[in-house]
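Here are the chains, one letter per residue:
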Amino acid sequence: MSQVAIVTGAAQGMGAQIARTLAEDGARVVLCDLNRDRVEGTAAEVDPDGIRAVGRRCDVTDESAVDELVAETLERFGKVDILVNNAGVLRPTRIEEISPDEWDVVVEANLKGTFLCSRAVLGTMKANGYGRIINMSSSAGRSVSTLGGAHYTAAKAGVLGFTRALAKEMAPHGITANSICPGLIDTEMVRANCSPGRLQAYEESFPISRLGTPDEVARLVLFLVRDAPYITGAAFDINGGDLMI
């Protein structure tokens, strides 16, 4: 039986490509995003017949919405093997100008959503003795954000810590949890928060002098869910050498 995956933040960018790559590898995929029209359109591009890929609106910071999404996935496909926590938001606001409300928006989308979605799938994964959870952190979580503010950096660092704790607790149940830390990837979100000239300057400063691609991130996700049963609690940098640890 083919695997079943949930990919959050899947209307565009990295999430859309991750969903597409998993579907091409044979998985049945539930794509979720706040933008209903766009995520349904992306799902239709992945699978025009609506059999192997479906798009659903979901606010990952809303506990009941997340639980409903997982319940619907189980009703439709019978299990959840893979969860990719990709949903997130970025704001470039400087610390002195960050309001408490904006802090909450950024931290909840990037960190709370990762927690809620992970928690929601653990029951079915434990029952099946198998699971692969991939949490999207960032180079910001390793160091400091290039484009985002302190709230984004704090949230992505939190994702790394949460992933390690999740990996330790779930290892006895056949569930692995790992993080991916992208640098500047050529997505709509990056281009919306950086001028062309500034992007070019960043590209020229990287050892591999270009932006990463969503496909390169998706291929790393595919490796972790398909070929890495003995890797858990790890964080994988994919940044063209911009940050070397």
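Up top you'll find the structure we're talking about.
Residues numbered from 1 in each chain as written. Predicted model: local features only at pLDDT ≥ 70, side-chain atom pairs only at ≥ 80, totals over all residues. Heavy atoms only, no water.

1. Quick word on the overall build of the protein chain
Alright, step 1. Along its length, the protein chain carries nine helices and seven strands.
Alright, step 2. Taken against the 2.2 N^0.38 rule, which gives 18 Å for 245 residues, the C-alpha radius of gyration of the protein chain at 17 Å falls within 12% of a compact globule.
Alright, step 3. For the protein chain, the C-alpha atoms occupy an extent of roughly 45 × 40 × 35 Å along the three principal directions.
Alright, step 4. Here the protein chain holds 245 residues, and the buried ones make up 49% of them. (Helix = DSSP H or I, 4+ residues; strand = E, 2+ residues; numbered from the N terminus. Rg over C-alpha atoms; globule rule 2.2 N^0.38 Å. Buried < 20%, exposed > 50% of the residue type's maximum accessible area, 1.4 Å probe, protein only.)

2. Notes on the layout of surface pockets
Alright, step 1. The computed volume of the largest pocket comes to approximately 890 Å³.
Alright, step 2. Forming the boundary of the largest pocket are 47 residues, of which N86, A87, G88, V89 and M189 lie nearest the centre.
Alright, step 3. Put simply, the parts of the chain that give the lining of the largest pocket at least two residues each are α1 (13–24), β2 (28–33), α4 (100–128), α5 (139–142), α6 (150–170), α7 (188–192) and α8 (196–205).
Alright, step 4. Of all the elements, α4 adds the most residues to the lining of the largest pocket, at four residues.
Alright, step 5. Looking at the lining of the largest pocket residue by residue, the class counts come to 22 nonpolar, 18 polar and seven charged. (1 Å grid on protein atoms, 1.4 Å probe; cavity = no way out; pocket = protein on both sides within 12 Å on 5 of 7 lines; lining within 4 Å. Points joined across faces, edges and corners; volume = space filled by probe spheres on them. Nonpolar A, V, L, I, M, F, W, Y, C, P; charged D, E, K, R; others polar.)

3. Comments concerning helix α3 (residues 63–77)
Alright, step 1. In a regular helix each residue adds 1.5 Å, so 15 residues correspond to 21 Å; α3 covers 21 Å between its end C-alpha atoms and thus fits that length.
Alright, step 2. When we look at burial in α3, the residues that qualify are A65, V66, L69, V70, T73 and F77. Summarising the axial view, the buried residues of α3 lie within an arc of 135°, below the 170-degree limit, and thus occupy one face. Pointing more than 90 degrees away from the buried face of α3 are the exposed residues E68 and E75.
Alright, step 3. Residues of α3 that are buried in the fold lie against β1 (4–8), β2, β3 (53–57) and α4. (Expected span 1.5 Å × (residues − 1). Arc of directions from axis to C-beta. Contact = heavy atoms within 4.5 Å.)

4. Description of the pairing of β3
Alright, step 1. As paired elements, β2 and β3 share five bridges and run parallel to each other. When the bridges of β3 are listed, L31 appears paired with G55.
Alright, step 2. Note on the crossover from β2 through helix α2 (residues 36–46) to β3: the handedness is right-handed. (Pairing = 2+ DSSP bridges. Right-handed = clockwise from strand over helix to strand, strands pointing away.)

5. Remarks on the nonpolar core
Alright, step 1. Grouped together as the largest cluster of nonpolar side chains are 30 residues, with contacts concentrated most on V7, I18, L22, V29, L31, V84 and I180.
Alright, step 2. Counting only elements with at least two residues in this core, the list comes to β1, α1, β2, α2, β4 (82–85), β5 (131–136) and α9 (214–226).
Alright, step 3. Those residues in contact with V29 that sit more than four places away from it in its chain are A5, V7, A19, L22, A23, R52, A53 and V54.
Alright, step 4. Grouped together as the second largest cluster of nonpolar side chains are 27 residues, V70, V121, L166 and I175 included. (Core = buried A, V, L, I, M, F, W, Y, C linked by side-chain atoms within 4.5 Å.)

6. What about the packing of α3 against α4?
Describing two packed helices takes the angle between their axes plus the distance from one axis to the other.
Alright, step 1. Axis separation between α3 and α4 bottoms out at 9 Å; the angle between their running directions is 35°. When you trace α3 past α4, the crossing you get is right-handed. Contacts between α3 and α4 involve E63, V66, D67, V70 and L74 on the former and, on the latter, L116, C117, R119, A120, V121 and T124.
Alright, step 2. Class assignment for the residues of the contact of α3 with α4 results in seven nonpolar, one polar and three charged. (Axes fitted to C-alpha atoms, helices over the stretch in contact; angles between N-to-C directions. Left-handed = near helix turned anticlockwise from the far one by under 90°.)

7. A short note on the packing of aromatic side chains
The description of an aromatic ring pair rests on the distance of the ring centres and on the angle between the ring planes.
Alright, step 1. Applying the stated rule across the entire model yields one aromatic pair.
Alright, step 2. Aromatic side chains F115 and F162 sit 6.2 Å apart centroid to centroid with 85° between the ring planes, which places their arrangement in the edge-to-face category. Taken as a pair, F115 in helix α4 and F162 in helix α6 lie far apart in primary sequence, 47 residues in all.
Alright, step 3. On the basis of relative accessible area, F115 is assigned to the partly exposed category, the value being 34%.
Alright, step 4. Residue classification places F162 among the partly exposed positions, given a relative accessible area of 22%. (Phe/Tyr/Trp six-rings, centres within 6.5 Å; stacked < 30°, edge-to-face > 60°.)

8. Side note on the sheet that holds β2
Alright, step 1. Spatially, β3-β2-β1-β4-β5-β6-β7 is the arrangement adopted by the seven strands of the open sheet, whose pairing is parallel. Here the strands that pair on one side only, and so sit at the sheet edges, are β3 and β7 (235–238). On average, each strand axis in the sheet is inclined to that of its neighbour by 15°, with strand direction left out of account.
Alright, step 2. As judged from the four bridges shared by β4 and β5, these two strands associate in the parallel manner. Note on β5: the bridge partner recorded for V84 is I134.
Alright, step 3. Contacting β4, β5, β6 (175–182) and β7, α9 crosses the sheet at an angle of about 150° to β5.

9. What about the environment of S118?
Alright, step 1. Along the chain, S118 falls in helix α4.
Alright, step 2. Between the C-alpha atoms of S118 and E169, which are 51 residues apart in sequence, the distance is 12 Å.
Alright, step 3. Residue contacts for S118: discarding those within four places in its chain leaves L83, N85, I133, N135, F162 and L166.
Alright, step 4. A polar contact is formed between the side chain of S118 and the side chain of N85, at a distance of 3.1 Å. (Polar contact = N/O pair within 3.5 Å; in protein donor to acceptor, adjacent residues only side chain to side chain.)

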